[in-house]
Amino acid sequence: MKSLVDRTLHTAAPTVEAARIAQIRRHLEAHDADAVFVSAGHDVRWATGFTGSNALLIVTHGSIAFLTDGRYDEQAKREVRLGDVHIVQGDLGGFAAKLTLVPEGASVLVQSDHLTVAAFEKLKAQFPTVGFVPVPSLLDAAVAAKSADEIERVRAAQAVTDDVFSALLPMIRPGVTEQALAAEITYAHLQRGASAMSFEPIVASGPNSALPHARPTTRVLQDGDVVLIDMGAYVEGYSSDMTRTLVLGQASAEVRHVYAAVLLAQEAAIEIAKAGRSGTELDAAARSVLVDAGYGDQFSHSLGHGVGLRVHEWPRLSQQVEHMLPVGTTVTIEPGVYLPGRFGVRIEDIIVLDETGCDNLTSTPKTLLEL
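Attention here is on the structure that accompanies the text.

Here is what the cut-offs are and how they apply
Residues numbered from 1 in each chain as written. Predicted model: local features only at pLDDT ≥ 70, side-chain atom pairs only at ≥ 80, totals over all residues. Heavy atoms only, no water. Helix = DSSP H or I, 4+ residues; strand = E, 2+ residues; numbered from the N terminus. Rg over C-alpha atoms; globule rule 2.2 N^0.38 Å. Buried < 20%, exposed > 50% of the residue type's maximum accessible area, 1.4 Å probe, protein only. Contact = heavy atoms within 4.5 Å. Axes fitted to C-alpha atoms, helices over the stretch in contact; angles between N-to-C directions. Parallel < 35°, antiparallel > 145°, perpendicular 65-115°, else oblique. 1 Å grid on protein atoms, 1.4 Å probe; cavity = no way out; pocket = protein on both sides within 12 Å on 5 of 7 lines; lining within 4 Å. Points joined across faces, edges and corners; volume = space filled by probe spheres on them. Nonpolar A, V, L, I, M, F, W, Y, C, P; charged D, E, K, R; others polar. Polar contact = N/O pair within 3.5 Å; in protein donor to acceptor, adjacent residues only side chain to side chain. Phe/Tyr/Trp six-rings, centres within 6.5 Å; stacked < 30°, edge-to-face > 60°. Lys NZ or Arg CZ within 6 Å of the ring centre and 35° of its normal.

Further remarks concern the overall build of the protein. Across its full length, the protein carries 10 helices and 20 strands. Taking 2.2 N^0.38 as the reference for a compact globule, 371 residues should give roughly 21 Å; the C-alpha atoms of the protein span a radius of gyration of 23 Å, in line with that estimate. Here the C-alpha coordinates of the protein stretch approximately 70 × 40 × 35 Å along the principal axes. For the protein, the residues scored as buried account for 54% of the 371 residues in total. A separation of at least 24 residues holds for 67% of the contacts in the protein among residues at least 6 apart in sequence.

This part covers the packing of helix 1 (residues 15–30) against helix 2 (residues 41–48). Between helix 1 and helix 2, whose axes approach to 7 Å, the crossing angle comes to 125°. Judged by the inter-axis angle, helix 1 sits oblique to helix 2. Note on element contacts: helix 2 touches helix 1 through Trp46, Ala47 and Thr48, opposite Glu17, Arg20, Gln23 and Ile24.

A few words on empty space enclosed by the protein. Taken as a whole, this structure holds two cavities of 30 Å³ or more when the rule is applied. There is about 50 Å³ of room inside the largest cavity. In terms of residue count, helix 6 (residues 140–144) provides more of the lining of the largest cavity than any other element does, three residues in total. Estimated volume of the second largest cavity: approximately 40 Å³. Lining the second largest cavity are Phe165, Arg244, Thr245, Leu246, Tyr259, Pro365, Lys366, Thr367 and Leu369. Element by element, the count of residues in the lining of the second largest cavity is highest for strand 12 (residues 242–247), at three residues. When the residues that make up the lining of the second largest cavity are grouped by side-chain class, the tally is five nonpolar, two polar and two charged.

Positionally, Ser239 belongs in strand 11 (residues 238–239). Separated by 2.7 Å, the side chains of Ser239 and Ser198 make a polar contact. In contact with Ser239, other than residues within four places in its own chain, are Val154, Ala157, Ser198, Ala233, Tyr234, Val307, Gly308, Arg310, Val311 and Ile350.

Tallying each qualifying case throughout the model produces six aromatic pairs. On the basis of an interplanar angle of 70° and a centroid distance of 4.9 Å, the ring pair of Phe50 and Phe66 is categorised as edge-to-face. One end of the pair, Phe50, is in the loop between helix 2 and strand 2 (55–60); the other, Phe66, is in strand 3 (residues 64–69), and 16 residues separate them in sequence. According to the relative accessible area criterion, Phe50 is buried, its value standing at 1%. Phe66 gets classed as buried once you look at its relative accessible area, which sits at 0%. Ring plane angle 70° and centroid distance 6.2 Å describe the contact between Phe120 and Phe132, whose orientation is recorded as edge-to-face. Here Phe132 lies in strand 6 (residues 131–135) and Phe120 lies in helix 5 (residues 117–126), a separation of 12 residues in the sequence. Classification of Phe132 as buried rests on a relative accessible area of 13%. Members of the aromatic cluster, each reached through a chain of ring pairs, are Phe37, Phe120, Phe127 and Phe132. Residue placement shows Arg287 over the ring face of Phe299; its charged tip is 4.0 Å from the ring centre.

Encoded structure:
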């Protein structure tokens, strides 16, 4: 077991990280707790800037301890700029227990929605005198309220996806398979600097477009097909997400009608979107348009979700969840209509909320394309 505690690395704690540690400490006060274990990788990155895959952040009222393993020795030195850095051989929780980073009898908050039952039981065995307090969604609201820098990172990621879509258009033609287009989407994102895809690209043609989360198949695109494309990628740690629907050849009157209804629904939600509203309100604004158009039963999912260090993060814009939306939240607005066995239409943008309204981070036009 090895521990590196190098205080000289952290004499001038950066403002962003220090402010985020202060936000974490407010949870200690709110729950009358002594410490918090931040174990979810995306939240560790948010709090510290660390981009590795294995870490544990322990925050008390007076200390900060960051633990990772030997693979990330140099990386932790470069990226983690406050607190004590410990390079550990073996289990991170076991090391924390042996070093007594948390005193006996302490009350410790844990991220219950990011711990398996096995991991939680292991922690309780390693810290037999500690009282663990499972807290779901511990940092969700704080992470959702993006800084100006984070918003620009989401905007930059979305700009890459906008560019990929524009470059993809000449390749969308009869005779090409869904899988071939999906492969091109992945390649084009990586070629433009993305580190990874946010999810497997959706390329759904003809009747497959009526499946909201279709997977690309060997189906060959045909003249007259509705083609639904949903894609996103991580650029410098932040995700994009966009859906566009187009037609090969001339769109039928019915396709035009459905497309117009979906676009109007999206615009209705964007029109009222601002910080302080609930996700339920935005969902209702879009859903009511589709109900009036006769497609309420064909809108089978929630309106949208948060986007940032994860492609699906808090909050949800849904009929079921009354999430109040903080300033700086970046969310998708993606209503859809799906007619089984025939075709589907979805239009998705990312917007960022402020006190007076929102800014659309997606630049790809939304007029119905007929290729």
